[in-house]
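# Secondary and tertiary structure notes
Here are the chains, one letter per residue:
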Amino acid sequence: MNGFFSILISGLPGWIQYPLPQHLISRIVYRATRVRVGWFKNALIRSFVRLYGVNLSEALATTPEAYASFNDFFTRPLRAGARPATTAPDALAAPVDGELARFGTVVEGKLLQAKGHRFALTDLLGGDAGLAGRFDCGMYATLYLAPRAYHRIHLPFAGRLSEMIFVPGRLFSVNDATARSVPRLFARNERVIAIFETSAGPLAVVLVGALCVGSIETVWAGEVTPGGGRRLARRRYPDHGPGALRFERNAEIGRFNMGSTVIVLLAE
């Protein structure tokens, strides 16, 4: 269902998406992708595999029947060795199996969204100017997850989780056409921000929601959206002791239940 609906939406100009009931559409997709009726979910999976050319031989489970629901298929784990991670000590490991859409330096507190469109780092980080200041003049990378991609998210550097922020917002689609036509797209959409302290300095991993993204999950908090509500919320984690959360490089930190975009921020 998400695949067919995404094709329809991707062809629409960004301005047409403004009046759409974005959260209602996403809730409907959320429920449909969790249906466990065999013939229904198997038909969805087979249609999606054909439509997007999904290579199921890379997955741990290689048949539609092996998945309890479409969402289980969409968030499928891969077999060992299917996506070998870099071992170079100074390299930035990619957090997702996605397309590098943009990368560069944060200039005067702004990131490039698309040609002719920039958006403020402070807006992306939920209006927290102090937090944005930690990443001003640093590097950023925007990665888009195609429908056929592996939709789990991994940590580029080993680090300690210091804070998680949920920022409510819209749910525009995040394809390239919408990025070119909707100003401040990534700072408008609902998102989850995870801040890590690493040996290379602070690292932010921003999980950007989108139309048909039923929910965003993290391994430490479970499903953050759609349970996040309509208000900004933040949670801080201790440096050590009970409740402290440390992750090795390339450790899984979350997943998109339906696909979207990740923005990684590094301090200068």
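Residues numbered from 1 in each chain as written. Predicted model: local features only at pLDDT ≥ 70, side-chain atom pairs only at ≥ 80, totals over all residues. Heavy atoms only, no water.

### Focus: the environment of Glu 197
- With respect to the element layout, Glu 197 can be found in strand β7 (residues 191-198).
- Spatially, the C-alpha atoms of Glu 197 and Lys 110 are 22 Å apart, while their sequence positions differ by 87 residues.
- Setting aside its immediate chain neighbours within four residues, Glu 197 contacts Arg 134, Gly 159, Arg 160, Ser 162 and Pro 202.
- Of note is the side chain of Glu 197, whose polar atom sits 3.1 Å from the side chain of Arg 134.
- Side chain to side chain, Glu 197 and Ser 162 meet in a polar contact 3.4 Å long. (Helix = DSSP H or I, 4+ residues; strand = E, 2+ residues; numbered from the N terminus. Contact = heavy atoms within 4.5 Å. Polar contact = N/O pair within 3.5 Å; in protein donor to acceptor, adjacent residues only side chain to side chain.)

### Description of unusual backbone geometry
- Unusually for a residue other than glycine, Arg 184 sits at a positive phi of about 55°.
- With respect to the secondary-structure elements, Arg 184 resides in the loop between α8 (176-181) and α9 (185-188).

### Quick notes on the pattern of salt bridges
- Within the structure shown, the criterion is met by 13 salt bridges.
- In this structure, Arg 234 and Glu 163 form a salt bridge, with 2.5 Å as the shortest nitrogen-oxygen distance. Separated by 71 residues along the polypeptide, Arg 234 in strand β11 (residues 233-236) and Glu 163 in strand β6 (residues 159-167) bring together distant segments of the chain.
- Through salt bridges with shared partners, a single network forms among Asp 128, Glu 163, Arg 234 and Arg 236. (Salt bridge = Lys/Arg side-chain N within 4 Å of Asp/Glu carboxyl O.)

### Side note on the nonpolar core
- Counting residues in hydrophobic clusters, the biggest one holds 55 residues, and the most contacted among them are Phe 196 and Leu 265.
- The element that contributes the greatest number of residues to this core is strand β8 (residues 201-208), accounting for 6 residues.
- When sequence neighbours within four positions are dropped, the list of residues in contact with Leu 265 reads Leu 111, Leu 121, Leu 124, Leu 125, Phe 135, Met 139, Tyr 140, Pro 202, Leu 203 and Ala 204.
- Counting 17 residues, the second largest nonpolar core, distinct from the first, contains Val 29, Val 54, Tyr 67 and Phe 70. (Core = buried A, V, L, I, M, F, W, Y, C linked by side-chain atoms within 4.5 Å. Buried < 20%, exposed > 50% of the residue type's maximum accessible area, 1.4 Å probe, protein only.)

### Topic: the layout of surface pockets
- The calculated volume of the largest pocket comes to roughly 360 Å³.
- Contributing to the lining of the largest pocket are 17 residues, with Arg 83, Pro 84, Ala 85, Ala 94 and His 154 lying nearest its centre.
- A per-class count over the lining of the largest pocket returns 10 nonpolar, 4 polar and 3 charged. (1 Å grid on protein atoms, 1.4 Å probe; cavity = no way out; pocket = protein on both sides within 12 Å on 5 of 7 lines; lining within 4 Å. Points joined across faces, edges and corners; volume = space filled by probe spheres on them. Nonpolar A, V, L, I, M, F, W, Y, C, P; charged D, E, K, R; others polar.)

### Side note on the sheet that holds strand β5 (residues 152-154)
- With respect to topology, 4 strands assemble into an open sheet ordered β5-β13-β9-β10, the strand pairing being antiparallel. The strands lining the two open edges of the sheet, one partner per strand, are β5 and β10 (222-225). Between one strand and the next, the sheet's axes are offset by a mean angle of 30°, whatever the strand orientation.
- Both strand β9 (residues 215-218) and strand β13 (residues 252-257) contribute to a ladder of 4 bridges, which runs antiparallel. Directly across from Thr 218, in β13, lies its bridge partner Gly 254. (Pairing = 2+ DSSP bridges. Axes fitted to C-alpha atoms, helices over the stretch in contact; angles between N-to-C directions.)

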